[in-house]
Structure formats: C-alpha cells, structure tokens
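# Overview (structure and organization)
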Amino acid sequence: MQAMADLSGGFSAPSVDAAHAFRAALEALARPGSVQDLRGATPPAPLSVAAGTLLLTLADSATPLHLAGAADCDAVRGWLAFHCGAPLVGPEAAMLAVGRWEDLGPLSAYPRGTPDYPDRSATLIVECDALDGPANATLSGPGIETRATAPLPDLATLAENHALYPLGLDFFFTAGARVMGLPRSTRTEAL
Amino acid sequence: MYVATKGGERAIEAAHAWLAEERRGDPAVPELSVAQIREQMSLAVNRVMAEGSLHDPDLAALAIKQARGDLIEAIFLIRAYRTTLPRFGASVPVDTARMAIDRRISATFKDVPGGQVLGPTFDYSHRLLDFALMAEGAPPPAPTRDPETANTAAPAPHVLALLDRDGLMEPQTDGAETPPDLTRSPLEMPAERALRLQALARGDEGFILGLAYSTQRGYGRTHAFVGELRIGRCIVEMEIPELGFAVGIGEIELTECETVNQFTGSKTEPAQFTRGYGLVPGQSERKAIAMSLVDRALRWEELGEDNTGAPAQDAEFVLSHCDNIQATGFLEHIKLPHYVDFQSELELIRRLRREAVAAAPQSAAPAAHSAPAPSSSPAPSSPAKGEAAE
Amino acid sequence: MTARATRKARPERPAMSEDYNFAYLDEDTKRMIRRALLKGIAIPGYQVPFASREMPMPYGWGTGGVQVTAACLVPEDRLKVIDQGADDTTNAVSIRRFFERTAGVATTTRTREATLIQTRHRIPEEPLREGQILVYQVPIPEPLRFLEPRESETRRMHALEDYGLMHVKLYEDIARHGEIATSYAYPVRVAGRHVMDPSPIPKFDNPKLSGNAAIQLFGAGREQRIYAVPPWTQVVSLDFEDHPFTPSKADAACDLCGAAGSYLDEVITDDAGSRMFVCSDTDYCTTRQAEGHRGRLNREEVA
C-alpha cells in the first residue's frame with residue numbers, strides 16, 4: 001500500500017482518457033510531422049507525459065515492451081506493471097519500445113514485420129527534448145498534402161527504415177505532452 | 001411525389017413490439033419459464049451452450065426463449081453476451097478419463113473394462129410419436145443404478161488407451177504449450193490441430209454433420225470406427241496462484257468421441273491405427289462423432305495421406321465456413337439495402353447492352369436483336385457478371 | 001461459474017452508457033483495435049488481422065465498422081451514420097442509436113458537422129476536411145478473394161506485390177464486354193503499393209478516396225481485418241492506358257434538387273415503370289434544396 005504514491009499518475013477516467021489519447025496518436029501517425037497534444041497520464045521520470053499516455057493507451061499484457069536506457073528504471077517498471085502489465089522484453093521481441101533515440105538503437109534489433117505480415121513490427125516511442133526545434137528533414141508520402149518538415153534524428157537510419165517498406169518500424173517522437181508521428185511510409189530527406 | 005423513406009426508428013420499434021407479441025404466442029396458453037426450457041429442452045440448451053461457447057444452462061434457456069426457439073439466433077445471443085464477460089483465467093485441462101460416466105459405448109469391442117453403458121439414448125427408441133406426452137403426465141420412473149457400483153466405480157479408462165498399450169495406436173503426447181484462442185486472436189492459416197478442434201467444437205452442428213457424412217461417402221474417406229463415445233460430467237479445475245494448486249470450480253457435462261481409423265503405414269513405420277477426436281460441451285453425440293470424423297479427415301497432411309480435394313480435407317474451407325454466426329450474418333445481410341451498388345450495375349448493364357445493340361446491326365441480321373425468340377446472336381445476351389454482390 | 005459470479009441484472013434497454021463501458025467495447029478490445037488501426041495507417045491499404053469481437057448485431061450488418069468507430073469515438077464527437085448514402089435507412093438508424101446509447105455521443109445528419117462518419121456503400125458528396133474520420137463497413141476486404149478464395153494464396157500475392165491475376169481479370173472483362181465490367185467495389189492501388197478493396201462503394205465514388213483530407217478507416221468484422229488510407233494518400237483505380245477508369249453514374253440530374261454531379265438512386269414510381277432519380281446522399285440533397293435548388297419534379301414547391 002505504501003507503493004500507492006509511486007503508482008499514481010494513471011488515467012483518471014480510463015476509457016475517455018484513452019480515447020482522447022488514441023485520437024491524438026491516430027492524427028499524429030496519419031499526418032506525419034504534425035505535432036499533437038497527448039496527455040492524460042503522469043508517469044514517473046524519465047518518461048514524458050506523452051510517452052506515458054501513449055503506453056497506457058496502447059500497451060497491455062498482449063504487447064511485449066522494451067524499455068531502453070534511462071527508461072528502464074524501477075519507477076517506470078513498477079508504474080507500467082501496475083497500469084498496463086506489458087511484459088518487458090529485449091528489442092528482438094518488442095512490439096513497443098520507449099527510450100531516447102541513442103538508447104533505442106540499433107533499429108535492426110526490432111521486429112520489422114514479415115512479408116506476409118508487415119504489421120507485425122515494433123512501434124518505437126522516441127523521447128526527445130523538444131519537437132519544435134529547427135527542422136532538418138522534408139517529409140513526403142501518405143498523410144502529407146504536399147510537404148512537411150520536422151526535426152529528426154539520424155536521417156540515414158530513417159531512410160533505411162523507409163526503404164524496407166512495406167516492412168519497417170513506426171515511430172512516435174515525444175516531448176513533454178506533445179507527440180509527432182513518423183510511419184514507415186514516410187520518405188525523409190535532408191532539408 | 002416521392003419522399004425519402006423516413007421514420008426508420010419508429011419502424012424498428014414497431015417491429016420489435018410485434019416480435020415480442022409473436023414470441024409470446026397465444027396469451028391463453030401459459031408462458032414457458034426459463035426453468036422449463038432448461039429442464040425439458042436440455043439438448044437444445046446443450047447445443048446453444050456448445051456453439052455459443054458459454055457454459056450457463058440458465059442463460060442458454062433464456063436465449064432459446066428470447067429467440068423463439070431459433071437455435072442459431074439463441075447461439076448468437078449467447079456469443080454476444082459472452083464477449084462482454086471479463087476473463088479471470090483458464091482452467092487446467094479437463095481429464096475426461098476421470099469423467100463421471102452417464103453413457104459410454106465402444107463400437108470396436110464387445111465389452112470393455114468399466115462396461116458399456118447405454119445411458120439416456122434415443123438409439124433404440126422406435127421413432128413413433130408418443131401421444132402420451134400430449135397428456136402431460138409424469139413418466140414412469142427410470143430404474144436407478146445400484147449406488148454401490150455407480151458412484152464408487154473406478155474411473156473408466158479410455159478404450160483407445162488399451163490399444164495404445166499394445167502400440168497399435170498412433171502415439172499421442174500432451175502438448176505443453178497453451179493452445180491459441182480462436183476468440184481472442186484472428187484465425188490464421190494454416191491452422192494447427194488445437195485451433196481446428198476449437199473451431200469445430202463451436203462450429204455449426206449441421207455443417208460439421210454434412211462434412212462428416214461426406215467423408216463416409218468417399219470424399220476424404222477415413223474408415224472410422226467409434227472407438228469410444230462417452231458422455232458424463234467432469235470437474236473443471238483452476239490453478240489458484242495464491243494457493244499454488246488447482247481447485248475444482250464446477251462441473252460440466254461433456255460428450256467425447258474418439259475414432260479409430262486405418263493407417264497403412266509406410267516403409268519406415270509399421271501400420272498403426274490413427275485417431276479422430278471430438279469433444280463437445282453438453283450431451284451432443286451427433287456433433288461429437290461428426291467432429292471426430294472431420295478432425296481425422298483434416299489430418300491428411302501430417303499422416304502423409306493424399307489430398308483428394310475433398311471438402312473435409314480442406315482446413316481453410318472448413319474453418320472459414322463452419323461458424324454459423326458468421327455464416328448466417330453474412331448470408332442474411334444481402335437483404336439489407338444494396339440499391340446503390342445495384343444502381344451502378346443497372347447503369348453498367350444498360351450501357352453494355354446499348355453498345356452491343358449499336359454494334360450489332362452492321363454484321364448480324366437486322367432482326368436479331370428485335371426478335372422475341374432466343375437468338376444465337378451474341379450481341380444482346382446480357383453479360384453474366386462474376387462478381388458477387390455484397 | 002465465472003459467468004454467474006459476474007452477471008449483473010441488466011435491464012433490457014439499458015440507459016446510456018451506465019451498463020456498458022464507454023462505446024460498448026472493453027478497454028482491452030479497444031487497445032487491440034487501436035493498435036491494428038495504427039499499423040493500418042502505417043501501411044496504407046494493407047489488411048491488418050485483428051481479433052474481431054462478436055458484437056450485439058449480426059456479421060454483415062457492420063460489425064467491423066462498429067468496432068472501428070467504437071475504438072475511435074471520444075465523447076466530444078458528433079457522429080453521422082449512413083447506409084446507401086442515407087441517414088434514415090434502417091441499419092443506419094440502428095447503428096446510430098447503438099452509439100447514442102453506449103457512448104452518449106451527439107449525432108448529426110449533416111456531413112459538414114460530423115467529426116466521425118460511419119458509412120456503408122457510399123462516400124459523402126461534400127468533400128471531407130481535416131479532423132474528420134470516415135469509417136467504412138467492409139464485407140470482403142480482400143480484393144483478390146473472388147479470383148483466389150484461399151487466404152494463404154492472396155496473402156502471398158500481396159507480399160510479392162503479385163497483382164497479375166487482377167489485371168488478367170480486368171483485361172478479360174475488356175475482351176468480353178469492351179470495358180471493365182466492375183461497377184462497385186472497384187479495386188484500387190494505395191500509395192503505389194497495396195491493391196485494396198474500397199468496400200462496395202459505386203466506382204463513381206472511387207476518385208474521392210484519393211487525396212482526401214479525412215482519415216479513412218475500413219473495418220471488416222467477420223473477416224477480421226482492418227485497413228486504412230491516411231489523408232492525402234494517392235489512391236488509383238486500376239485500369240489500362242487504352243481503357244482508362246471512368247467513374248460513372250446514371251445519366252440524369254436529381255429530380256428533387258437538380259444536382260447533375262451527384263450519385264443518383266433510381267426510384268420506380270408506378271406500375272407502368274415510371275421512374276425518377278434522386279441523390280443517394282440525402283444530406284447533400286436536402287442541403288441543396290434548403291439552399292433553393294430545385295429538380296424536375298420539385299419545381300412547384302418553389303415559394
């Protein structure tokens with residue numbers, strides 16, 4: 001019972017909070033490069049509000065989860081065990097992963113789907129300091145009317161991921177209570 | 001002047017009220033109680049529980065009442081209710097060797113250890129309408145088993161286990177892995193046997209019966225003998241993590257059928273009998289026997305048999321079409337409005353005919369398209385479209 | 001057993017949302033559907049398998065669309081449900097009432113006011129905008145199914161991008177009829193990769209699939225598939241250079257609102273076979289009439 005304080009920060013109205021969070025995530029992934037508000041959960045550090053909210057919205061006992069780098073700490077483990085019960089795994093078995101870009105890699109470690117089932121690939125939640133930094137990439141593809149720009153890490157790796165299409169990983173970049181989506185279908189080019 | 005149909009909501013409500021009235025029938029006749037259905041229509045209740053995949057005789061009886069006796073509709077009600085239930089866990093596998101037997105017969109041996117028990121069967125009843133039942137009297141009491149032998153009898157071993165001991169049966173090992181759950185994950189092909197059995201167990205009795213019958217008539221024949229058919233009650237046990245052992249949480253009635261089938265063997269393996277398996281909740285032996293025949297027919301690949309192209313050998317065909325709730329929904333949905341698609345077909349067919357007629361007079365006889373008698377001219381024959389309308 | 005322990009006495013007509021979770025589905029199920037939807041968005045036109053639940057309405061009545069809608073709804077949504085383009089067809093009424101009761105959301109018949117539109121067989125005439133979601137009810141999600149009934153085979157064809165069979169079928173149509181004899185559920189290629197069944201919309205609607213500002217989601221309940229077309233995605237109706245795709249409709253104008261460019265229903269008005277044409281999109285038609293537009297059979301009513 002004394003652990004209760006550490007385990008607070010879940011959804012206060014689970015079905016409605018999750019519904020709002022999902023719509024934000026859907027808009028984010030359907031409109032790559034657009035930044036959406038994503039809040040509802042207050043996870044323990046170092047998880048951002050957006051990353052914690054996304055995990056409560058998408059993760060449960062059916063989604064093996066990889067915690068990378070600083071995200072892999074007792075506070076986060078305990079919070080996730082209590083709120084979503086996702087089994088914690090290494091990158092090779094992960095359907096979801098969360099951490100900073102430098103801690104998540106290499107991307108080749110994650111399931112990228114199979115030719116028969118390209119959907120069986122991991123979704124990576126990439127914790128960032130900010131999403132409104134100077135853009136370094138042009139985005140094009142489904143979800144983008146003409147052209148979008150975004151600040152992205154490591155364009156070469158993201159381009160490799162896109163080249164695997166229809167296989168590949170999908171990304172949510174999170175900072176504070178903001179999220180930006182980048183599906184495998186998006187072509188990224190240096191600005 | 002045409003006005004778009006309005007008042008859909010009122011029409012729906014009126015239809016429901018009428019339905020409720022029809023369900024009740026003549027109010028001068030006493031209303032059926034759920035308990036009456038549960039006790040006196042028990043085989044219907046069993047079927048609804050089996051194909052509805054939910055053990056609850058009261059709810060199944062209620063569903064039958066609500067569905068006016070339409071069992072597929074009742075199964076649908078149970079399925080829709082079932083999906084809303086929380087899951088607390090899975091039971092440990094039921095041990096049918098420890099079944100409290102009500103009926104047990106073997107077609108392969110004259111007698112078996114534990115004895116042949118006819119139980120409450122229609123098998124040797126003459127199918128003569130019993131007008132005494134119209135009089136609603138109590139039937140004469142059935143003789144009861146000697147309690148000495150009935151309840152204290154040792155568990156009846158499976159007949160096939162006896163053949164197993166002699167090495168005449170294909171070996172069967174316990175799978176340690178948790179079987180997939182058809183109701184929680186999308187059906188994926190090819191389907192392993194555990195998944196196939198699950199689908200068959202909740203599949204439509206009539207469909208499984210027809211398939212099984214087709215195997216007997218040569219469409220994927222497997223030469224089945226009923227090694228054993230048993231009906232009785234089994235304890236359902238569940239592991240309680242806090243206790244560290246399994247406790248009984250209830251009892252369910254099951255029908256189990258194991259068939260013995262021929263297998264010719266190969267150069268490396270001597271001839272052996274093989275198995276087909278059927279397990280259905282409740283007393284439902286037609287379904288259990290049929291299931292075991294279809295199960296055996298579906299095993300052609302692992303047993304190195306030929307695929308003769310029989311429907312019962314085609315797992316994708318069988319599994320995709322055995323669910324009566326899926327089938328009835330999709331079948332009946334064609335009565336929903338499709339006038340938008342039909343309009344596009346009308347427009348297409350008129351244009352094709354117009355173009356054909358316009359093209360025809362140059363080469364064909366002028367009378368060809370106006371003659372009322374069927375003509376050999378290809379022009380006006382309507383293009384038969386292969387597309388199915390959804 | 002467990003059923004008995006958890007069963008609650010439920011009134012036959014439960015009041016809004018008290019007896020069910022918000023939007024009917026339990027949270028586990030919604031999470032599962034939401035994950036599938038996101039993968040669908042990431043791979044436009046690819047059919048994501050999902051563990052479709054049994055719904056309290058029959059398969060074929062829109063169980064896939066209903067599950068997708070349930071997974072997307074927020075309380076602030078304004079829901080529109082159409083069947084054949086009309087808000088007042090009985091199944092549209094029934095589905096709308098289901099969500100009024102289980103999610104308590106506001107509903108509308110106005111396309112422009114709706115934030116989420118569930119549809120069977122039509123795309124609204126009025127262009128959709130950003131922030132809107134269009135959910136299609138899908139009977140057979142596999143565009144190759146009538147050419148190859150086996151899932152194992154069609155899955156392989158999609159994996160290998162082997163759509164030769166489809167082109168052969170379309171070409172045989174041309175050989176026999178002089179044109180592609182598919183008038184609805186006309187196959188499309190999405191984002192240059194996956195061939196997709198757009199659900200049984202008339203091919204007149206196909207051009208609206210492409211470059212649409214709204215998010216388009218497709219749910220096939222019985223077949224356990226979800227797929228999606230993100231906004232602004234290129235969707236091309238399959239055709240040949242010498243036989244280009246042509247969207248088509250009845251060669252007439254709406255007899256009520258006079259619209260010449262909307263998809264029309266043909267209504268037989270008497271035993272002698274007289275007929276009239278009216279917009280299939282009832283909101284489009286009534287909006288136009290409210291704006292003063294009149295068709296052939298509606299002129300006397302102009303004030």
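These figures come from a predicted structure and were not determined experimentally. (Residues numbered from 1 in each chain as written. Chains lettered and ligands numbered in written order. Predicted model: local features only at pLDDT ≥ 70, side-chain atom pairs only at ≥ 80, totals over all residues. Heavy atoms only, no water.)

### Brief notes about the overall build of chain C
A tally of regular secondary structure across chain C gives 8 helices and 12 strands. A compact globule built from 303 residues would reach a C-alpha radius of gyration of about 19 Å, and chain C, at 21 Å, matches this within 12%. Principal-axis analysis of the C-alpha atoms gives chain C an extent of 65 × 60 × 40 Å. Across the 303 residues of chain C, 65% fall into the buried class. In chain C, the proportion of contacts linking residues at least 24 apart, taken out of those at least 6 apart, comes to 61%. By element, 50% of the accessible surface of chain C is carried by carbon and sulfur atoms, the whole surface being about 10,600 Å². Across chain C, 39 positive and 43 negative side-chain charges occur, with their mean positions spaced 6 Å apart. (Helix = DSSP H or I, 4+ residues; strand = E, 2+ residues; numbered from the N terminus. Rg over C-alpha atoms; globule rule 2.2 N^0.38 Å. Buried < 20%, exposed > 50% of the residue type's maximum accessible area, 1.4 Å probe, protein only. Contact = heavy atoms within 4.5 Å. Areas by Shrake-Rupley, 256 points an atom, 1.4 Å probe, with all protein chains shown as cover. Lys, Arg positive; Asp, Glu negative; His and termini not counted. Charge placed at Lys NZ, Arg CZ, Asp CG, Glu CD.)

### Some details on the interface of chain B and chain C
In this assembly, 65 residues from chain B lie in contact with 74 residues from chain C. Summing both partners gives a buried area of about 6,000 Å² for chain B against chain C, and 56% of it is carried by carbon and sulfur. Scanning the region where chain B abuts chain C turns up 7 salt bridges. On inspection of chain B and its partner chain C, the count reaches 24 residue pairs in polar contact (both at pLDDT 80 or more). Elements with a contribution of two residues or more to the side of chain B that touches chain C: α1 (8–24), α4 (57–66), α5 (71–82), β3 (245–261), α12 (324–332) and α13 (339–359) of chain B. Class assignment of the residues belonging to the side of chain B that touches chain C gives a composition of 30 nonpolar, 14 polar and 21 charged. (Buried area = accessible area lost by both parts, 1.4 Å probe. Salt bridge = Lys/Arg side-chain N within 4 Å of Asp/Glu carboxyl O. Polar contact = N/O pair within 3.5 Å; in protein donor to acceptor, adjacent residues only side chain to side chain. Nonpolar A, V, L, I, M, F, W, Y, C, P; charged D, E, K, R; others polar.)

### Comments concerning the packing of aromatic side chains
Within the structure shown, the criterion is met by 10 aromatic pairs over all chains. Where C:Phe98 meets C:Phe99, the ring centres are 5.2 Å apart and the plane angle is 75 degrees; that geometry is what we call edge-to-face. Here the two residues C:Phe98 and C:Phe99 agree in accessibility, since each one is buried. An aromatic cluster is built from A:Trp101, A:Phe171 and A:Phe173, whose rings are joined through pairwise contacts. One Lys or Arg, A:Arg120, reaches over the ring of A:Tyr117 and ends 3.6 Å from the middle of that ring. We note C:Arg222 situated over the ring of B:Phe330; from NZ or CZ to the ring centre the distance is 3.6 Å. (Phe/Tyr/Trp six-rings, centres within 6.5 Å; stacked < 30°, edge-to-face > 60°. Lys NZ or Arg CZ within 6 Å of the ring centre and 35° of its normal.)

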